[in-house]
Each structure stands twice: as C-alpha cells, then as structure tokens.
Amino acid sequence: MNTTATPITAIADGLHARGFVGRVLEPSDPDYDGARTGWNAAIDRRPAAVAYATDADDVQAAVAAARAAGLPFTIRAGAHSVSGRSVRDGALCIDLRALNGVVVDPDRAVVRVGGGALLGELDAATQEHGLAVPAGQISHTGVGGLTLGGGVGWLMRRHGLTVDSLEAAEVVLADGRRVRAGEHEHPDLLWALRGGGGDFGVVTEFEFRAHRVGPTILGGMLVYPWEQVRDALRAARELMSGAPDELTAFVTLITAPPEEPFPPELQGGPVAIIAVAWCGDPAEGERVLAPLRAGLSPAVDLVGPMPYVALQSMLDQTAPRGREYYDRMHYLPSVSDGFVDALVAGFERSPSPHSHVMTGWMGGAVDRMAPGDTAFGHRGAHALTWIIGCSGDQPVGPAAEWVRRLWDDTAPFATGGVYVNALNAERSVREAYADDVWQRLVAVKRRYDPDGVFAGNGIR
Ligand SMILES: Cc1cc2nc3c(=O)[nH]c(=O)nc-3n(C[C@H](O)[C@H](O)[C@H](O)COP(=O)(O)OP(=O)(O)OC[C@H]3O[C@@H](n4cnc5c(N)ncnc54)[C@H](O)[C@@H]3O)c2cc1C
C-alpha cells in the first residue's frame, strides 16, 4: 500500500492540524476498503476514516483531534478482535500497526513492545536472546488486544498468562496525557490493563518480563482418526491430570485438510489433534508424554524438538485472515465424559469443514496468581473450549448457527462466564468479570476516562 500520498479531506485536515503525520484514509480513498477490514470478514463496517499512527505523538494527536471534533474513535492493533470492536461505523479508527518495535534487554530480561506489534514480531525478537513472553497461539494476532484481555497460550501453565508478565505500559489517556502505568505510577491503571479488556487508554508500549524459553522446545501434534476422538480427548485429560506445569495441551476437533501431514485416508474427514508444548527439560518431557503415546496410537505423530517460533505459528493455518468467523467459548470445571460426548456429537453436525473446536487445559501458573491481582477474570478454570465457526469463502451464517447450538449443548458442563477476548457482539463485557473485579474496573474507568471516549468494550 502506498503510505505517502494522503488525500486532503476534512478528517485528515483536522488530524494534521493537530500534528498527526501518518496517512489518513477516508471513504473516497481507493485503499479505504482494504483499510477498514480486519481478520474477521463478517465485520463489514464503514469507519469515518482510518488513521495510521506512526508513533506515540501521532496517537496523542489523533486522540486530541477526534475529541475536539466530537468524533468517536476506536483503537486497532492486530485487527483480530472476533467481534470487530476495533472498527465502528462512523468512528475514526486509530491504527497502531506501525508501532511494532520490539526492544529486548537480555540482561534484565525485559522486553518493550510497541502497541501495534504482532505476536510473531514479539517472538522473533525475544527468541534471538533465548527469551519469550507468554502469548497466544496464532502468530498474526496483535500483542495489544491479546494482552489487554489476558493472553492464553502455550506457556501459560509454566509462566502464566501474558498479563502476568506485564510490568508496565506507556499510555495515552483520554485527556491526551501520556503516562506510564507501573508498580509505582498509576498502579490502578496497570491493574486494569492486565486483563480488563482495553478501553482505559491507548497503550503505545508494553513492558514485559521475559522468561528463558527455547530456542528449541518439545512440542507438536498427534493426529487421531475420528473413531478415536473420544479416546483422544480422554487420553489428553489423563495426561493433564496432575501434569507438570511445563506441559500444556489442547485438543482440536477439525476437518483434516487435503494436504500433508494428514495421510490421504484422513483428508477431508474429521480428526482429533492433540497438540502439546513442553517448555522444560526435553528428556523429562519425553518421559511425561510417554504414557500418551503408549496408550493410544496416533495416525500421525509430529511431536519432537522444534523451534519455539515454529510452535508459535503451528496453528496459523487454522484461522486465515479474510474469512467470515463466529466464535463462542466456555470455561470448564472439568473435561467430563458428558462434555466429551456433547462435543463430539455436536462436531459431527458441523455444516462446514472450515470450523473447529479447541479444548485446552489451564491451571498451573495461571492459578498461582491471586484472583484480584490482575483484572483477568477466570483464575481457577480447569479448562476452556473455544468453538470457531467458519464457512470458508461463504457467509458464516450456517456455521454461526452450528456454533450457537454446540455452545448450548455444552453449556451444562461449563462454569459460566466468558473470556473477554472471546466476546462476540452478542455478549456483554459484564459477563467476563466477577462482581468485585467489575466494580474495580468501573472505578478505574471513571478515573481515567470519565467521558467514556474509549467505548469499544462497554465498560462504563
Ligand atoms: C485467529 C485468532 C487467534 C487467537 N488466539 C488467541 C490465543 O491463542 N490466546 C488468546 O488469549 N486470545 C486469542 N485470540 C483472541 C485475541 O486475543 C483477541 O481477538 C484480541 O482482541 C486480538 O487483539 P488484536 O490486537 O489483534 O485485535 P484488535 O482488533 O486490533 O484490537 C481489539 C481491541 O483491543 C484493544 N486494543 C488493542 N491494542 C490496543 C492498544 N495498544 N492500546 C489500547 N487498546 C488496544 C482495542 O480496544 C481494540 O478494539 C485469538 C483471536 C483470533 C482471531
């Protein structure tokens, strides 16, 4: 995309008058359509303009200009919000993608990450030093949205959620001030940024504590034919019962695509995939995984030493950008036989080979953080299941119907509540937090954004 020729229009004028130097795309611009769409093509919204901030000064200028013009605005980083809350009809979308620098201090194991960086950019930079920040499982997701909601991923049971490693943040507030939120400065703001879902200001830079991980890790996938789906789910449950924190496992129910590494006889049919990551001593990891391999033979066994960055992008193809998606999730108190039966029966009704369901085990370091220490709402959940509906290049409608029904069928086995980063447009942010956390979030919101100008999530 050409990033130099900015059309001179009303919104662009207002922004540039405040010192904004990045490109501003309004509906008349030929690049506008590409700029308004994100990962989920089901979100078809027409913002007043998209303003590409180049640095924190630009963010400040954009917030000031939008407020002066009475123009609502949204913040966008990786554009992966399933509900599409980073783009709203008639609002200014302030895009942070250019703020993607990652600066690693290997001696202090501290990483400073721009508010618009992607997980792949974070991992590439930290791995050069044998370090990692716990993050999500798809490398094209934004660090921004993922962190502000919590951050569930391969390292969580050993090193916690992404927010558990968040030590400070540089923030542009609703009144235009730039502040640092840290242990000693605005600790209430830092608390809210650690899982409160965003909407408290624009984070131009995150500061994380990093952990020794990789560059090689033991991980990968075991693929089972559909006849073994229940056994695979139970085997993963057995494996995770009392498993060391170094081990994380997710079971994905998916239709095998027509390509390697799936054998021809499985391609096009439903399969169960147990995906594992072990971030400790490899020999010990092999010992921990041995009973899984001994008990149930997979059709394909791809578990072995692999680069950590490969693990972090291993599932990228399950969620390509630009298709229509609809998702729902549950937290689970256990992966019971009743849940397994409802999940398997529900998956068999999937109208599309492009939908999938992931069930993963939490616990470990996630539980060692006291519930009130961060705003993340669901310490103590044993597992989660995430149902992702997609109809390929077709409208998501039938797959969305299927997601709703499967979600209903599995609801009796769930704890209630929802991960704020899995909220779709039909569910309220209120459902993502317990009463006490919600009250604290509302208090922080009133202190830092009393006019509610950051309104994507709905905390007020
Ligand atoms: C394919 C896919 C895979 C995923 N995998 C995981 C996973 O493994 N683990 C997990 O925990 N979650 C996962 N998620 C959920 C993901 O965490 C959320 O969708 C998250 O909102 C994405 O962040 P983003 O920056 O890409 O999205 P955006 O749409 O750009 O942002 C979403 C919202 O976050 C806020 N925001 C983002 N950046 C900033 C910032 N710098 N300052 C202030 N506010 C900001 C804004 O309110 C914005 O509207 C996944 C989502 C998708 C689509």
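Here, the structure is the one placed above.
Structural notes, computed from the coordinates.

Basis of the calculations
Per chain, residues are indexed from 1 in the order of the written sequence. Where local features are concerned, this predicted model is filtered to residues with pLDDT of at least 70; where side-chain atom pairs are given and counted, the filter is 80 or more; whole-chain, interface and lining totals use all residues. Only hydrogens and water are removed before side-chain values are computed, so all heavy atoms of the structure are retained for them. Secondary structure is summarised from DSSP: a helix means a run of H or I of at least four residues, a strand means a run of E of at least two, and numbering begins at the N terminus for each. Should any heavy atoms of two residues lie within 4.5 Å, those residues are counted as being in contact. For this analysis, a polar contact is any N or O atom pair within 3.5 Å, provided that within protein one partner can donate a hydrogen and the other can accept it, and provided that sequence-adjacent residues contribute only side-chain to side-chain pairs. Pairing between two strands requires that DSSP report at least two bridges joining them. Fitting a line to C-alpha atoms yields each axis, with helices limited to the stretch in contact; the angle taken between N-to-C directions then spans 0 to 180 degrees.

## With respect to the environment of Glu426
Step number 1: Residue placement: Glu426 occurs in the loop between helix 13 (397–410) and helix 14 (435–448).
Step number 2: Distance in space between the C-alpha atoms of Glu426 and Arg328 is 10.0 Å, their sequence separation being 98 residues.
Step number 3: Once you skip the residues sitting within four places of it in the chain, Glu426 turns out to touch Tyr326, Arg328 and Arg404.
Step number 4: Here Arg328 takes part through its side chain, which lies 3.0 Å from a polar atom of the side chain of Glu426.

## Describing the sheet that holds strand 9 (residues 178–181)
Step number 1: The sheet built from five strands is open, its strands ordered 5-6-10-8-9 with antiparallel pairing. Across the chains shown, the open sheet's two edge strands, defined by having one partner strand only, are strand 5 (102–105) and strand 9. Averaged over all neighbouring strand pairs, the angle between strand axes comes to 15°, with direction disregarded.
Step number 2: As paired strands, strand 6 (residues 110–114) and strand 10 (residues 202–209) are joined by five bridges and run antiparallel to one another. Bridged to Val110 within strand 10 is Arg209.
Step number 3: Strands strand 5 and strand 6 of the sheet are contacted by helix 4 (residues 119–127), whose axis makes an angle of about 30° with strand 5.

## Describing the sheet that holds strand 1 (residues 24–25)
Step number 1: Strand order in the open sheet formed by four strands is 1-2-4-3, with mixed pairing between adjacent strands. Two strands lie at the open edges of the sheet, namely strand 1 and strand 3 (73–76), each paired on one side alone.
Step number 2: For strand 2 (residues 49–52) and strand 4 (residues 92–95), the ladder comprises four bridges, and the chain directions are parallel. Each bridged residue has a counterpart across the sheet, and for Ala51 the counterpart in strand 4 is Ile94.
Step number 3: Relative to strand 4, helix 3 (residues 56–69) is tilted by about 170°, and along the sheet it contacts strand 2, strand 3 and strand 4.

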